[in-house]
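Each chain, written out:
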Amino acid sequence: MSNYHDLANIIFPEIKLTIEDLERRYPKRNLPVDAKVIRFAPSPTGFLHTGSLFASLVGCYFAHQSKGVFYIRLEDTDTKREIVGSGESLVEQLKAFDVIPDEGYISETKQIGNYGPYKQSERSEIYNTCIKHLIEIGRAYPCFCSAEELQALRKEQEANKEIPGYYGKYAKYRDYPIEDAIQKIQAGEPYILRFKSMGNHNNKIHFHDEIKGDLELTENDQDIVICKSDGLPTYHFAHLVDDHFMRTTHVTRGEEWLPSLPIHLELFDSIGFERPKYAHIPNVMKVDENGNKRKLSKRKDAEAAVSYFLEQGYPKYGFIEYLLTIANSNYEAWRDENLDKDFKEFQLTFEKMSLDGALFDLAKVGNISKERMAYKKAKDLAEEVKVWAKEYQPEFYEKIIKDEAFFISILNIEREKEKPRKDYAKYSDIYPIISFFYDEVYDAIDKNNIEWNPNISTTDIKEVLQDYAKTMNLNLSEEEWFTSIKELAVRHNFADNIKLWKKDKEAYKGHVGDVSEVLRIALSGKKNSPNLYYVMQILGKDKVKERIEKVIETL
Ligand code: GLU
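Residues numbered from 1 in each chain as written. Predicted model: local features only at pLDDT ≥ 70, side-chain atom pairs only at ≥ 80, totals over all residues. Heavy atoms only, no water.

Asks: Can you help me understand the site of the ligand in this one?
Replies: Surveying the vicinity of the ligand reveals the residues Arg39, Ala41, Ser43, Glu75, Tyr235, Arg253 and Trp257. At a separation of 2.7 Å, a nitrogen atom of the ligand approaches a polar side-chain atom of Glu75. Contact with the protein chains hides 79% of the accessible area of the ligand, taken as 290 Å² for the molecule alone. When the residues that make up the shell around the ligand are grouped by side-chain class, the tally is three nonpolar, one polar and three charged. (Near = heavy atom within 4 Å. Polar contact = N/O pair within 3.5 Å; in protein donor to acceptor, adjacent residues only side chain to side chain. Areas by Shrake-Rupley, 256 points an atom, 1.4 Å probe, with all protein chains shown as cover. Nonpolar A, V, L, I, M, F, W, Y, C, P; charged D, E, K, R; others polar.)

Asks: So what exactly am I meant to see when it comes to helix H15 (residues 394–402) here?
Replies: Since the α-helix advances by 3.6 residues per turn, residues separated by three or four positions end up pointing in the same direction. Along H15, the positions that sit buried rather than exposed are Phe396, Tyr397, Lys399 and Ile400. For H15, the arc enclosing every buried residue in end-on projection is 165 degrees, short of the 170-degree limit, so these residues lie on one face. Structurally, H15 contributes buried residues whose contacts are with helix H14 (378–392), helix H16 (404–411), helix H17 (430–434) and helix H18 (439–444). (Buried < 20%, exposed > 50% of the residue type's maximum accessible area, 1.4 Å probe, protein only. Helix = DSSP H or I, 4+ residues; strand = E, 2+ residues; numbered from the N terminus. Arc of directions from axis to C-beta. Contact = heavy atoms within 4.5 Å.)

Asks: For this particular structure, what's the right way to read the side chain of Thr77?
Replies: Its location among the elements puts Thr77 in the loop between strand E2 (69–72) and helix H4 (86–96). Sequence-distant contacts of Thr77, defined by excluding residues within four places in its chain, comprise Gln120, Lys228, Asp230, Leu232 and Pro233.

Asks: I would appreciate a short explanation of the environment of Tyr191 in the present structure.
Replies: Tracing the backbone through its elements, the reader meets Tyr191 in the loop between helix H7 (178–186) and strand E6 (192–195). On the accessibility criterion, Tyr191 (24% relative accessible area) is partly exposed. With 46 residues separating them along the chain, Tyr191 and Cys145 place their C-alpha atoms 7.3 Å apart. In this structure, Tyr191 is in contact with Ile11, Pro142, Cys143, Phe144, Ile185 and Ser229, ignoring residues within four places of it in sequence.

Asks: How do you make sense of helix H19 (residues 458–471) when you look at a structure like this?
Replies: The end-to-end C-alpha distance of H19, which contains 14 residues, comes to 20 Å, matching closely the 20 Å that a straight helix rising 1.5 Å per residue would cover. Those residues of H19 that fall on the buried side of the exposure criterion are Asp460, Ile461, Val464, Leu465, Asp467, Tyr468 and Ala469. The elements touched by buried residues of H19 are helix H20 (478–491), helix H22 (512–524), helix H23 (532–539) and helix H24 (541–553). (Expected span 1.5 Å × (residues − 1).)

Asks: Got a minute to help me understand unusual backbone geometry in this structure?
Replies: Each neighbour pair has its own omega, and for Gly116 with Pro117 the value is 0 degrees, a cis peptide bond. The phi dihedral of Asp98 falls on the positive side, at around 65 degrees, and the residue is not glycine. Since its relative accessible area comes to 25%, Asp98 is described here as partly exposed. At Glu414, a residue that is not glycine, the phi angle is positive and equals roughly 50 degrees. In this fold, Glu414 is placed in the loop between H16 and H17.

Asks: How should I be thinking about the sheet that holds strand E13 (residues 293–295) in this particular structure?
Replies: Strand-to-strand pairing in sheets goes through backbone hydrogen bonds, with the strands running parallel or antiparallel. Ordered in space as E13-E12-E14, the three strands form an open sheet in which the pairing is mixed. Each of the sheet's edge strands pairs with one partner strand only, and the pair in question is E13 and strand E14 (358–359). (Pairing = 2+ DSSP bridges.)

Asks: Could you clarify how one ought to interpret the pairing of strand E1 (residues 37–40) in this entry?
Replies: Moving residue by residue along a regular strand, the side chains alternate between the two faces of the sheet. The alternating pattern of E1 places Val37 and Arg39 and Ile38 and Phe40 on opposite faces, both of which are buried. Sheet topology note: the E1/E2 ladder contains four bridges and is parallel. Opposite Phe40, over in E2, you have Ile72 as the bridge partner. With helix H3 (residues 50–65) bridging E1 and the parallel E2, this β-α-β connection has right-handed handedness. (Right-handed = clockwise from strand over helix to strand, strands pointing away.)

Asks: Where do I start with the environment of Lys316 in this structure?
Replies: On the secondary structure map, Lys316 appears in helix H11 (residues 316–327). Beyond its immediate chain neighbours, meaning those up to four positions away, Lys316 contacts Ala96, Phe97 and Asp98.

Asks: Would you mind going over the sheet that holds strand E9 (residues 225–227) with me for this structure?
Replies: Reading across the sheet, the three strands line up as E5-E6-E9 and stay open at both edges, with antiparallel pairing between neighbours. The open sheet is flanked by strand E5 (140–143) and E9, the only strands paired with a single partner. Across the sheet, the mean angle separating the axes of adjacent strands is 45 degrees when strand polarity is ignored. Of the strand pairs in this sheet, E6 and E9 are connected by two bridges, and their pairing is antiparallel. Looking across to E9, one finds that Arg194 is bridged to Val225. (Axes fitted to C-alpha atoms, helices over the stretch in contact; angles between N-to-C directions.)

Asks: How should the pattern of salt bridges be read in this particular structure?
Replies: One side chain can pair with another of opposite charge once the charged atoms of both are near each other. A complete count under the given rule lists 45 salt bridges for this structure. A salt bridge links Lys316 to Asp98; its shortest N-O distance comes to 2.9 Å. Of this pair, Lys316 sits in helix H11 while Asp98 sits in the loop between H4 and strand E3 (103–107); the two residues are 218 residues apart in sequence, bridging distant segments of the chain. On the basis of relative accessible area, Lys316 is assigned to the partly exposed category, the value being 35%. A salt bridge links Lys386 to Glu383, with the nearest nitrogen and oxygen atoms 3.7 Å apart. Pair noted here: Lys386 and Glu383 are both in helix H14, with a separation of three residues, about one helical turn. Each of the salt bridges in this network shares a partner with another, and the network as a whole consists of Arg39, Arg73, Glu75, Arg123, Asp242 and Asp243. (Salt bridge = Lys/Arg side-chain N within 4 Å of Asp/Glu carboxyl O.)

Below is the structure:
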């Protein structure tokens, strides 16, 4: 008579390792009592979802704030969905937002740490050792059902209004005689391996999730697939093996995994591994055009991909800080009271995580970034912009490196003071606003088609410009300079303040603002620009004159 051992040996003749060997190879970590070991376990399917960045940022914080370990495991067992090279790009994108693992998968040629390999496709021996053990103890078995058979089963269950799946009386091969199974295997029949569940879906189990609190869930009774026909483990089984032997203490993962939790709990119990703690992270949601709350969608929302924020050049400190505001409801209050502190000092807690989805608000990402960027020193901001532009806006990058001091002086307009201007929410906002400073850009503006204020005659525009070109003085304070502009206005019969003009519009051609606008348009080609006084200071007298003269020629 054959027994489970024989079956296990027929299926895995090459496996000589035992669970005990693995326990010795991957010993319990030597960490402080409350230290959390947390992983981020992305699948290399081509892009990093904003929700995944959120979950990994949160995981990284919890691990580090508890003096634990944060690691990355690449879950590449779904070979059909894999996009080659995307594992490395995930790691790079995480790094761009300071989510840096202490150990794990770093690149195709680099993994660090003693609990690896950290790439699932390289862990077959470990999975097979564990499956072999489950077969030996009678908790896993081969299933020879064809796809058609399973489909027929589903139809039958639907017709009978029964719970779909492979369980109980529907689990054709769970009590199949071992001899017969061995015969089929030896005859080369294809099979997969299933877990033998002892659960009953009429039972409820109670569980405490670190975020969701106390939960009542339906016990698992499905004989789930643990090893696919390609020999690779399913997510459920790999989760059991990897999180046990990598000694994860807290499984932080998206809440879409909550329904599978009963499977995972039964797996841990059946093999005799200690259950990790679980913290199911809320999905990142958004309110769409119709006012409905839904998950950020890869197809519909540009902001669902982390690459969007990188391309647009949202500063990492703005984006991270935003993610903290949706992670913990008390973050903003803490921030208001601790303006001078680094956001890393904030203690993130599971208790303060939202329960029903973190609401994503792109406008708020922009506002926080604007706020934080405004207080950056021009020199530091210039460095950030340079690094970004090199990758995402080469034309801008070329301009920056040609004369960095010039670029810094532009960025310094109304910066480094008590109430700095808040013009930029992201690096890509900068060039469109300041590009006119660069002569090539300015020269390319079609001066014959400039949009002037239609209420001011061409003759007046010309006269104002001619006068200013002749009388301009840039060796003045901002206040003195503005007085000189008021005088210019008055010389051409414009009111030197708006109130005056409003009282008697007929008496004037316009007001001092209109005069500044003429100068602004002449120098930048645009109605809006950074503070005109500083624009002139940076361009310098000669250039200001030259630009004004060029414009006059077209009038
Ligand atoms: N590879 C899984 C995913 O990308 C990981 C889930 C988990 O964190 O356990 O969804």
